[in-house]
Amino acid sequence: MKLYIKYMVSLRCKMMVKEELTKLGLQYVVVDLGTVEILENITAEQRIHLKTNLLQSGLELLDDKKSILIEKIKNVIIEMVHYSDEFPKANYSDFISEKLNHDYTYLANIFSEVKGITIQQFIIFHKIERVKELLLYKELNLTEIAHRLHYSSVAHLSNQFKKVTGLSPSFYKQLKHKRMANLENM
């Protein structure tokens, strides 16, 4: 049986879900971002306990099909941008459509209807978050980051970064060095 969980986007979330399933005596086969596969059917009482316990941790057990599909879309994008070293060779729409076995137009319409933004805007937001991480924690230059995240050029990445954050990538990186210098001077 498959369960779908909203806001499950990190390894810490996966560990927390595993712990809750174990407490309820449910054996899981797979615990992945946004999805859990358990061996047996879940009782109504177990479902209520799981839903309550997950809510206390900021996670949400999903019931309706639209919410489940939205979470699947978000998880494919988050996995692609944050946890995969290789971006799809095809365009994002084909990649997402293939991963979820649905027509992209259908996915895009539902996503926009429910989230109030397009899938493309969601991808851009997550790509910029990934750029921030790579600028702050890795020793990659902007050219390497642009290449890794499949930007057509450094200028394209810089323009998109500034549009989303209001800062240039180089200024954003300087902020880290200023913060570090301030901490060292304390």
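Residues numbered from 1 in each chain as written. Predicted model: local features only at pLDDT ≥ 70, side-chain atom pairs only at ≥ 80, totals over all residues. Heavy atoms only, no water.

Enquirer: Sorry if this is basic, but what is going on with the packing of aromatic side chains here?
Expert: Both the distance between ring centres and the angle between the ring planes are used here to describe each pair of aromatic rings. Counted according to the given criterion, the structure contains two aromatic pairs. Between Phe 111 and Phe 122 the ring centres are 5.5 Å apart and the planes differ by 65 degrees, which places this aromatic pair in the edge-to-face class. Here Phe 111, found in helix α5 (residues 104–115), pairs with Phe 122, found in helix α6 (residues 119–137); they are eleven residues apart in sequence, far enough to count as distant. Pair check on accessibility: Phe 111 and Phe 122 agree, each one buried. (Phe/Tyr/Trp six-rings, centres within 6.5 Å; stacked < 30°, edge-to-face > 60°. Helix = DSSP H or I, 4+ residues; strand = E, 2+ residues; numbered from the N terminus. Buried < 20%, exposed > 50% of the residue type's maximum accessible area, 1.4 Å probe, protein only.)

Enquirer: How should I be thinking about the packing of α6 against helix α8 (residues 154–165) in this particular structure?
Expert: Packed helices, taken two at a time, are described by the angle between their axes plus the distance between the axes. Direction vectors running N to C along α6 and α8 enclose 105 degrees, while the axes themselves pass 10 Å from each other. As judged from the angle between their axes, α6 and α8 are roughly perpendicular. Across from Ile 124, Ile 128, Val 131, Lys 132 and Leu 135 in α6, the residues of α8 making contact are Leu 157, Gln 160, Phe 161, Val 164 and Thr 165. A class-by-class count of the residues in the contact of α6 with α8 yields seven nonpolar, two polar and one charged. (Axes fitted to C-alpha atoms, helices over the stretch in contact; angles between N-to-C directions. Parallel < 35°, antiparallel > 145°, perpendicular 65-115°, else oblique. Contact = heavy atoms within 4.5 Å. Nonpolar A, V, L, I, M, F, W, Y, C, P; charged D, E, K, R; others polar.)

Enquirer: Got a minute to help me understand the pattern of salt bridges in this structure?
Expert: Close approach of charged atoms allows side chains of opposite charge to pair. Going through the model one piece at a time under the given rule, you end up with nine salt bridges. Of the charged contacts, one joins Asp 63 and Arg 47 as a salt bridge, the two residues approaching to 3.6 Å between their closest N and O atoms. Linking Asp 63 in the loop between β4 (60–61) and α3 (65–83) with Arg 47 in helix α2 (residues 44–56), this pair joins segments that are 16 residues apart in sequence. For Arg 47, a relative accessible area of 26% corresponds to the partly exposed category. Here Lys 66 ties to Glu 113 by a salt bridge, and the two come within 2.5 Å at their closest N and O atoms. A residue pair is termed long-range when its members are at least 10 positions apart, and Lys 66 in helix α3 and Glu 113 in helix α5 qualify at 47 residues. Assessed through its relative accessible area of 37%, Lys 66 is described here as partly exposed. Overall, Glu 113 belongs to the exposed group, its relative accessible area being 54%. (Salt bridge = Lys/Arg side-chain N within 4 Å of Asp/Glu carboxyl O.)

Enquirer: It is not clear to me how the pairing of strand β2 (residues 28–32) should be interpreted in this structure. Could you clarify?
Expert: Residues in a regular strand point their side chains to alternate faces of the sheet. Here four bridges tie β2 to strand β3 (residues 35–38), and the two strands are oriented antiparallel to one another. Looking across to β3, one finds that Asp 32 is bridged to Thr 35. Between β2 and β3, which pair antiparallel in sequence order, lie two residues; one of them, Gly 34, sits at a positive phi of approximately 85 degrees. (Pairing = 2+ DSSP bridges.)

Enquirer: Where do I start with the side chain of Gln 160 in this structure?
Expert: Mapped onto the elements, Gln 160 comes out in helix α8. Given the relative accessible area of 14%, Gln 160 is considered buried. Within the structure, Gln 160 has its side chain in polar contact with the side chain of Tyr 151 (distance 2.5 Å). Not counting residues up to four positions away in its chain, the partners in contact with Gln 160 are Ile 124, Ile 128 and Tyr 151. (Polar contact = N/O pair within 3.5 Å; in protein donor to acceptor, adjacent residues only side chain to side chain.)

Enquirer: Looking at this model, I keep getting lost on the sheet that holds strand β1 (residues 2–6). Mind explaining?
Expert: Whether parallel or antiparallel, the strands of a sheet pair through hydrogen bonds between backbone atoms. In spatial order, the strands read β2-β3-β1-β4; together these four strands make up an open sheet with antiparallel pairing. If you trace the sheet from one side to the other, it starts and ends with β2 and β4, each paired once. With two bridges connecting them, β1 and β4 associate as antiparallel partners. Bridge pairing in β4 links Lys 6 to Glu 60. Relative to the sheet, helix α1 (residues 11–23) contacts β1, β2 and β3, its axis offset from that of β2 by approximately 155 degrees.

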